[in-house]
Amino acid sequence: MITTTEELDLPTLIERHLKQDISQELDLPQNWAKSHLTRQRMLVMFDGFDEVKPEYAEKVSQWIGKQWQDFRQNYFILTSRPKGYQAFSSEHKPRQKVFINEFTDKNIHDFVYKWYFWQEQETRVSRSLKSKQEAADNKAKDLINQLFALDDSGESSTLLALARNPLNLNMIVQLHRANFGSEQKLPQQRVDLFRRIFDLQLITRPQARGIDMILDNNEENHRQRVLQQLALKMGNTTTIEYSELLSSTQNFIQELGYPESTSAKDFVERLIHVSELILKKDEYYEFAHNLFQSYLIALEVKRLKQENLLKENWEQNLWYEACIMYATLLTNPTDFIVYFYNQSNPKAQGLAERCYRELPVKKRRGLEFLEQKRQTSLFTQLETYLKNGQWREADEETARLMLLIAKREDEGWLDEESINNFPCEELRTIDKLWVDNSGGKFGFSVQKKVWLDCGGVPGEYDYDVYKKFADEVGWRRWRRSGHWLSYDELTFLLNSSKHAHLPFFKWFPSKYARAGYALFWRSDL
């Protein structure tokens, strides 16, 4: 609606949403939304900016920014995945960024036990409370043991890393529940986990409920094949109109050799209501999880042998993840990964690193040289920017490197734990490059000295000390009002900036985050 309606403002959008999507019978007073916005009485949330089609991102960004400016005394929330937010181009940006933390070990433990107890409560109504608790604990304990088991190299399992994402953990517990008692262990690789989930949703669950899924359950896996073709057709677009969903599905079904009488509508409705792999969102439809779409794209590209599609589109969010899963699907992924390592683009090299890390150990054979190449080339771009005095580019490259090294590209930020565990050698290398190329003016160690001079004590979080530090390095304006500078307001010049002004802590969520402090607590700076 924002992209197709001229002169649309926020009050009009709110009232249309309430009447069309909430209740057509809703009787709102005249100018109800504008009145409340004018009187500064509204909290407005724009949900899912990362799901805006790429071609509309610029226009939607500018529109949202204008509404914030026009009704700036109200409260606004914009939600987005970190990568998707990079496309938000309005000069009027949110004042505060807040990130959702990964699940800790305790969060995972609590979720699993409570989830299973709730399932027993809902499905075992006639049992005693004690027997429900025992059954829930038995199942939860089995899953926890699998999640926290160490792999052959003595490291935490890949499955545990997946489980730290709440959406992934929800899928994992459902898969575990469906297979509990079969002695079938959960897969450790993401592609294997998704394969089992699709088998559960497209085959096992419908069979258990005696529901005809319209298409055959055969070796060619027609039900999933249609979804693969749909995912590839949608590309980096996450939503599709119902009419296009039906017409595309009908074409795919006929291509598989089914008669024209085979109902695409019936199949789609079963995907929505039985398998729950397609969801309705507002007036559009989308896959239940963006990663499902990436997984299906990877499968279809592999089936069609059209690897060039991944090489052409890898910079787009869904295709980026598809590349990682595609590499895992290959018997020998060496050539595919080396292709990205050999690019001059640091982001392409970062993708190669992600592909390499997701591979099972047995598929890494023959790629060991990439680890050595990574160590020698990792800081080349940063060093070039610093030597050329390209301070902003160097700062952005520092943020990229820290996320890459900490394996937090998906999250887009570092938490206290990842700072504490950040490799000593890499941290010192980044710091030394900054110090050496700025004549001792910039660098983490330079900033740590300023922080200590402001009264900072390692191991202690003191926000007043941090504000004083920010004033000293020029990250705040007008000490009394406490105005924190946005990234674009920083001074990316050597002579015009304050001592220790850079690098900026672009890689942690906000000025309140403990991650910035954790860096200064380290003894190796």
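Cut-offs and rules
Residues numbered from 1 in each chain as written. Predicted model: local features only at pLDDT ≥ 70, side-chain atom pairs only at ≥ 80, totals over all residues. Heavy atoms only, no water. Helix = DSSP H or I, 4+ residues; strand = E, 2+ residues; numbered from the N terminus. Rg over C-alpha atoms; globule rule 2.2 N^0.38 Å. Contact = heavy atoms within 4.5 Å. Areas by Shrake-Rupley, 256 points an atom, 1.4 Å probe, with all protein chains shown as cover. Lys, Arg positive; Asp, Glu negative; His and termini not counted. Charge placed at Lys NZ, Arg CZ, Asp CG, Glu CD. Pairing = 2+ DSSP bridges. Axes fitted to C-alpha atoms, helices over the stretch in contact; angles between N-to-C directions. Buried < 20%, exposed > 50% of the residue type's maximum accessible area, 1.4 Å probe, protein only. Right-handed = clockwise from strand over helix to strand, strands pointing away. Salt bridge = Lys/Arg side-chain N within 4 Å of Asp/Glu carboxyl O. Patch = residues over 30% accessible without salt bridge, like charges linked within 9 Å, V, L, I, M, F, W, Y side chains within 5 Å. Phe/Tyr/Trp six-rings, centres within 6.5 Å; stacked < 30°, edge-to-face > 60°. Lys NZ or Arg CZ within 6 Å of the ring centre and 35° of its normal.

Would you take a moment to explain the overall build of the chain for this structure?
Helix and strand counts for the chain come out as 25 helices and seven strands. Relative to the 2.2 N^0.38 estimate, which gives 24 Å for 525 residues, the radius of gyration of the chain is 26 Å and therefore close to what a compact globule would have. Considering only C-alpha atoms, the chain reaches an extent of 75 × 70 × 55 Å along its principal axes. Considering only intrachain contacts with a sequence separation of at least 6, the fraction spanning at least 24 residues in the chain is 64%. On the chain, roughly 27300 Å² of surface is accessible, and the fraction owed to carbon and sulfur atoms is 47%. Computed over 71 positive and 76 negative side-chain charges, the separation of the two mean positions in the chain equals 3 Å.

Help me out: how do you make sense of the sheet that holds strand 3 (residues 239-241) in this one?
Backbone hydrogen bonds are what pair the strands of a sheet, in a parallel or an antiparallel way. A sheet is described by the order of its strands in space; here three strands give the open sequence 3-5-4, paired in antiparallel fashion. A strand with exactly one partner marks an edge of an open sheet, and here the two such strands are strand 3 and strand 4 (278-281). Geometrically, the sheet is characterised by an average inter-axis angle of 40° between neighbouring strands, direction not taken into account. Looking at chain direction, strand 4 and strand 5 (residues 284-287) are connected through four bridges and run antiparallel. The partner of Lys280 across the bridge, within strand 5, is Tyr285.

Which parts of the structure should I look at to understand the pairing of strand 1 (residues 43-46)?
Within a regular strand, the side chains alternate between the two sheet faces. The alternating pattern of strand 1 places Val44 and Phe46 on a buried face and Leu43 and Met45 on a face that is not buried. Pairing between strand 1 and strand 2 (residues 75-78): four bridges, direction parallel. Looking at strand 2, one finds that Phe46 is bridged to Leu78. In this fold, the crossover linking strand 1 to strand 2 by way of helix 3 (residues 57-70) has right-handed handedness.

Explain the pattern of salt bridges to me, please; I cannot follow it from the model alone.
A side chain of one charge can pair with a side chain of the opposite charge when the charged atoms of the two come close. One pass over the full model with this rule turns up 22 salt bridges. Residues Lys66 and Asp70 are paired through a salt bridge, measuring 2.7 Å at the closest nitrogen-oxygen approach. Here Asp70 and Lys66 lie together in helix 3, a separation of four residues that amounts to about one turn. Lys66 sits in the partly exposed class, given a relative accessible area of 48%. With relative accessibility at 44%, the residue Asp70 sits in the partly exposed group.

How should a nonpolar patch on the surface be read in this particular structure?
Residues Leu43, Met45, Tyr75 and Ile77 make up a contiguous nonpolar surface patch of roughly 470 Å² in combined accessible area. Counting only elements with at least two residues in the nonpolar patch, the list comes to strand 1 and strand 2.

In this structure, what is going on with the packing of aromatic side chains? I would like to understand it.
Two aromatic rings, taken as a pair, are described by how far apart their centres are and by the angle between their planes. What the rule picks out here adds up to 30 aromatic pairs. Taken together, the ring pairs connect Trp451, Tyr466, Phe469, Trp475, Trp484, Tyr487, Phe492, Phe504, Phe505 and Phe520 into an aromatic cluster. We note Arg364 situated over the ring of Tyr356; from NZ or CZ to the ring centre the distance is 4.9 Å. We note Arg408 situated over the ring of Trp413; from NZ or CZ to the ring centre the distance is 4.8 Å.

I would appreciate a short explanation of a negative patch on the surface in the present structure.
The grouping of Asp47, Glu241, Glu244, Asp282 and Glu283 at the surface amounts to a negative patch. Relative to the helices and strands, Glu283 resides in the loop between strand 4 and strand 5.

Could you clarify how one ought to interpret the side chain of His289 in this entry?
Mapping His289 onto the fold places it in the loop between strand 5 and helix 13 (290-304). For His289, the contacting residues outside a window of four places in its chain are Leu167, Asn168 and Met171.

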